[in-house]
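Results of the structural survey
As a plain string of letters, each chain reads:
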Amino acid sequence: MKSSTKCGYVAIIGLPNVGKSTLLNAMVLKKISIVTHKVQTTRTQIQAILSKDCSQVIFIDTPGIFQPRKQKEKALVREAWKSLDLADVIIFVHDATKDMKEESLSLLREISDNKIELIVVLNKIDLVDKEKLLNLIDVIKVKNGASNIHLISALKYDGVVGLIDDVKNKIPIGEWIYSKEISTNISDRSIAEEFTREKIYQYVHKEIPYSIIIETENWNEKSKNVVQIHQNIYVTANNHKKILLGKNGEKIKKISIESRLDIESYLNKKVHLFLYIKLRKNNYISSIS
Ligand SMILES: Nc1nc2c(ncn2[C@@H]2O[C@H](COP(=O)(O)OP(=O)(O)OP(=O)(O)O)[C@@H](O)[C@H]2O)c(=O)[nH]1
Ligand SMILES: [Mg+2]
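What you are looking at is a predicted structure, and each value in this text was computed from that prediction instead of being measured.

Let us look at the domain arrangement of the chain. By convention, interface size is frequently given as the accessible area that disappears when the constituent parts associate. Its domain assignment divides the chain into domain 1 (6–170) and domain 2 (188–279). Domain 1 and domain 2 are separated by 28 Å when their C-alpha centres are compared. Every contact between the two is made by 14 residues of domain 1 and, on the other side, 16 residues of domain 2. The junction of domain 1 with domain 2 conceals about 1300 Å² of combined surface from both sides, 50% of it contributed by carbon and sulfur atoms. Broken down residue by residue, the surface that domain 1 buries against domain 2 is led by Ile34, Lys38 and Arg43, which jointly contribute 44%. Put simply, domain 1 and domain 2 have two salt bridges between them. Lys31 is the salt-bridge partner of Glu198, the closest N and O atoms lying 2.5 Å from each other. Summed over the shared surface of domain 1 and domain 2, the result is nine residue pairs in polar contact (both at pLDDT 80 or more).

Our next topic: the side chain of Ser21. Tracing the backbone through its elements, the reader meets Ser21 in helix H1 (residues 20–28). Here Thr42 takes part through its side chain, which lies 2.9 Å from a polar atom of the side chain of Ser21.

By nearness alone, 23 residues border ligand 1, and Lys20, Thr22, Thr41, Thr42 and Asp126 come closest of all. Summarising the interface, the protein chains cover 90% of the accessible area of ligand 1, which totals 650 Å² for the free molecule. The element best represented in the shell around ligand 1 is H1, accounting for three residues. Partitioning the shell around ligand 1 into residue classes produces seven nonpolar, 12 polar and four charged.

Basis of the calculations
Residues numbered from 1 in each chain as written. Chains lettered and ligands numbered in written order. Predicted model: local features only at pLDDT ≥ 70, side-chain atom pairs only at ≥ 80, totals over all residues. Heavy atoms only, no water. Domains from an automatic or database assignment. Contact = heavy atoms within 4.5 Å. Buried area = accessible area lost by both parts, 1.4 Å probe. Salt bridge = Lys/Arg side-chain N within 4 Å of Asp/Glu carboxyl O. Polar contact = N/O pair within 3.5 Å; in protein donor to acceptor, adjacent residues only side chain to side chain. Helix = DSSP H or I, 4+ residues; strand = E, 2+ residues; numbered from the N terminus. Near = heavy atom within 4 Å. Areas by Shrake-Rupley, 256 points an atom, 1.4 Å probe, with all protein chains shown as cover. Nonpolar A, V, L, I, M, F, W, Y, C, P; charged D, E, K, R; others polar.

Now the structure itself:
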């Protein structure tokens, strides 16, 4: 092949809440995938594209893999595994504050069986002492044989540059798939909906956020630098409406302000965001695109 460019898909896989989306955003230096303290934040595959020098790396963020019970959970886990169909490289992320238990080891084993280039990331090292890290590395080497292990703090951007270099070395030679200025395969509308969902996860507790769906009712480009966005937030029960509103509407106000700020910084435009809470008993999760 004559091409001097490189291009490859890199799937980021791991248990829920290990920091996959934080890592994806750190690698492309842009908030594309939402991050919360709750499990099962990411619901679908999200691509973030890093095009630099002669390499194009297409990172795929995925839902966390766990033992699913409900139908909805099965769909999440299936979505994560599907990313391996495309992947040239897999980044397996483990939360270094946690021991390497059977759940992680069997997932790592299953991933290793795919014969795709594998990089193991121990994330959240800002919270862990050296001795624990050395123990984890030992367990991974002895029980799995994986030797390419990176120590990372995605939150503090520690070790991320070295990880990107390693990934660039491992992707194949080939033409770029996306043009240079494209940073994701997800539409602006969906990203804006996701930012609102992130704030709801932060401010509303227990199971309620998981049943909420956000849809854009209207997206009106008022001028080159100003956009007006109307989003519907569908809840499945009347009392969820009240919880989301909060006392004197304070909660939804906070959600709206914080989501708007994120959307503004993503679009690099002034945003007028209007949120409407609506009841829809049979909510379904539509895929984002
Ligand atoms: N201290 C610390 N916290 C981190 C780091 N990376 C992620 N986190 C936190 O871990 C939590 C989960 O992060 P996410 O990026 O949403 O994790 P995820 O693996 O994408 O989670 P799911 O999408 O639910 O599977 C958030 O509260 C992050 O702020 C890190 O390097 N250090
Ligand atoms: Mg995630």
